[in-house]
Amino acid sequence: IYANHNWPVFAYYTGIKIKQLYPYDESFYSAYTDLMSEKGIIIVYPNENIKYPKVNWLDKNNKYKLIKKFSDIYIYEYTP
C-alpha cells in the first residue's frame, strides 16, 4: 500500500507493508516512479497540507485506476 497520509495507522491496523508517498510538493511527480516500483494500492488524502499527488493528475494517468472514493479519501489501484 502506498499512502500520502496516515501510513503508520494503515501499517498498524493492517500489518501490511506501507510506503509513504513523499515529497508532498510538485517534485513528487519526478520522484514517484522510483518510489512506486511495485504494483499496489494507493490511498490519497487531498487536503490543504498534503496536496500531492493531485487527484486530477491520478485520474489522467493510466497507471492509476480509481477503486473507491470516500468523502475525502481516494483509493486507486496502481500498476507501474
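Just so we're clear, the structure is a prediction, and the values are computed from it rather than from any experiment. (Residues numbered from 1 in each chain as written. Predicted model: local features only at pLDDT ≥ 70, side-chain atom pairs only at ≥ 80, totals over all residues. Heavy atoms only, no water.)

### Some points on the nonpolar core
The nonpolar side chains of a soluble globular protein tend to be buried, and buried together. Membership of the largest hydrophobic core comes to 15 residues, with the highest contact counts inside it found for Leu21, Met36, Ile42, Tyr64, Tyr76 and Tyr78. Sorting the residues of this core by element identifies helix 2 (28–35), strand 3 (40–44), helix 3 (55–60) and strand 5 (74–78) as the ones contributing at least two each. Sequence-distant contacts of Tyr64, defined by excluding residues within four places in its chain, comprise Tyr32, Met36, Ile42, Trp57, Leu58, Tyr76, Glu77 and Tyr78. Judged by nonpolar contacts, the second largest core, of 7 residues, contains Phe10, Ile18, Tyr45 and Ile75. (Core = buried A, V, L, I, M, F, W, Y, C linked by side-chain atoms within 4.5 Å. Buried < 20%, exposed > 50% of the residue type's maximum accessible area, 1.4 Å probe, protein only. Helix = DSSP H or I, 4+ residues; strand = E, 2+ residues; numbered from the N terminus. Contact = heavy atoms within 4.5 Å.)

### A look at helix 2
Side chains three or four residues apart in an α-helix point the same way, a direct result of the helix having 3.6 residues per turn. Those residues of helix 2 not exposed but buried are Phe28, Tyr32 and Leu35. The arc enclosing the buried residues of helix 2, seen along the axis, measures out at 70 degrees, which places them on a common side. Those residues of helix 2 that are exposed and aimed more than 90 degrees away from the buried face are Ser30 and Asp34. Lining the buried residues of helix 2 we find strand 1 (2–3), strand 2 (19–20), helix 3, strand 4 (64–69) and strand 5. (Arc of directions from axis to C-beta.)

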